[in-house]
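# Examination of the molecular architecture
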Amino acid sequence: MELHSPSVGLLFWTLLSLTILILCIIAIVKIANDKFIEPSKKVIWLLAIIIFPIIGALTFIAFYKKIDIKKHDRESRRHNLGIPQERSWTVKLHLFASVYFKPI
């Protein structure tokens, strides 16, 4: 019985496919978890990644740094102006309840 080793070409294409798949998954997870990307832009990015996996994922990852920088700039400007940071809905609900529903 002869053992056949996989050819170098098959190994190359398998690793390339796995790399593309991992890049697409990373981009999709970042898109889904980012609060600062508008929902309409999220849909456009997701469609771009689904239709053009290589170009879409690489483009998003390249532009994601710029989105992250804009988010940091916006937060630092808010801090410098004395504007409080965005609060989660649970904190807002707690503050609302503490103001309007005081114990007797």
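## Some details on the overall build of the protein
The secondary structure content of the protein amounts to four helices and zero strands. Listing every helix and strand of the protein by position from the N terminus yields α-α-α-α. Looking at the protein residue by residue over its 104 residues, the buried ones come to 12%. Sequence separation of 24 or more characterises 44% of the internal contacts of the protein that already satisfy a separation of 6 or more. Surface exposure of the protein reaches about 9100 Å², of which carbon and sulfur atoms provide 70%.

## Some remarks on the environment of I26
As for its placement among the helices and strands, I26 is situated in helix α1 (residues 8-33). According to the relative accessible area criterion, I26 is partly exposed, its value standing at 38%. With 31 residues separating them along the chain, I26 and A57 place their C-alpha atoms 8.4 Å apart.

## Quick look at the packing of α1 against helix α2 (residues 39-51)
Packing of α1 against α2 brings their axes to within 10 Å, and their N-to-C directions diverge by 170 degrees. The angle between the axes of α1 and α2 places the two elements in the roughly antiparallel class. The residues of α2 that touch α1, namely those facing C24, A27, I28, I31 and A32, are K42, W45, L46 and I49. When grouped by side-chain class, the residues that make up the contact of α1 with α2 number eight nonpolar, no polar and one charged.

## Thoughts on the packing of aromatic side chains
Applying the stated criterion across every chain yields a total of two aromatic pairs. Geometrically, the ring pair formed by F12 and W13 is edge-to-face, given 5.0 Å between the ring centres and 75 degrees between the ring planes. Exposure remark for F12: the relative accessible area of 47% places this residue in the partly exposed category. Judged by relative accessible area, which is 53%, W13 ranks as exposed. Pairing W45 with F60 gives two aromatic rings, centres 5.1 Å apart and planes at 70 degrees, and the pair type is edge-to-face. Taken together, the residues W45 in helix α2 and F60 in helix α3 (residues 53-80) connect sequence positions 15 residues apart. Grouping residues by exposure puts W45 and F60 together as buried.

## Some thoughts on the confidence of the model for the protein
When pLDDT is averaged across the protein, the result is 75; 56% of the residues are at 70 or more. Per-residue pLDDT, averaged within each element of the protein, yields its smallest value for helix α4 (residues 89-100) (65) and its largest for α2 (90).

## Brief notes about α1
Taking 1.5 Å as the rise per residue, α1 with 26 residues should run 38 Å; its terminal C-alpha atoms sit 38 Å apart, in good agreement. Three or more residues of α1 are buried, namely C24, A27 and I31.

Thresholds, definitions, all that
- Residues numbered from 1 in each chain as written.
- Predicted model: local features only at pLDDT ≥ 70, side-chain atom pairs only at ≥ 80, totals over all residues.
- Heavy atoms only, no water.
- Helix = DSSP H or I, 4+ residues; strand = E, 2+ residues; numbered from the N terminus.
- Buried < 20%, exposed > 50% of the residue type's maximum accessible area, 1.4 Å probe, protein only.
- Contact = heavy atoms within 4.5 Å.
- Areas by Shrake-Rupley, 256 points an atom, 1.4 Å probe, with all protein chains shown as cover.
- Axes fitted to C-alpha atoms, helices over the stretch in contact; angles between N-to-C directions.
- Parallel < 35°, antiparallel > 145°, perpendicular 65-115°, else oblique.
- Nonpolar A, V, L, I, M, F, W, Y, C, P; charged D, E, K, R; others polar.
- Phe/Tyr/Trp six-rings, centres within 6.5 Å; stacked < 30°, edge-to-face > 60°.
- pLDDT = per-residue confidence, 0-100.
- Expected span 1.5 Å × (residues − 1).

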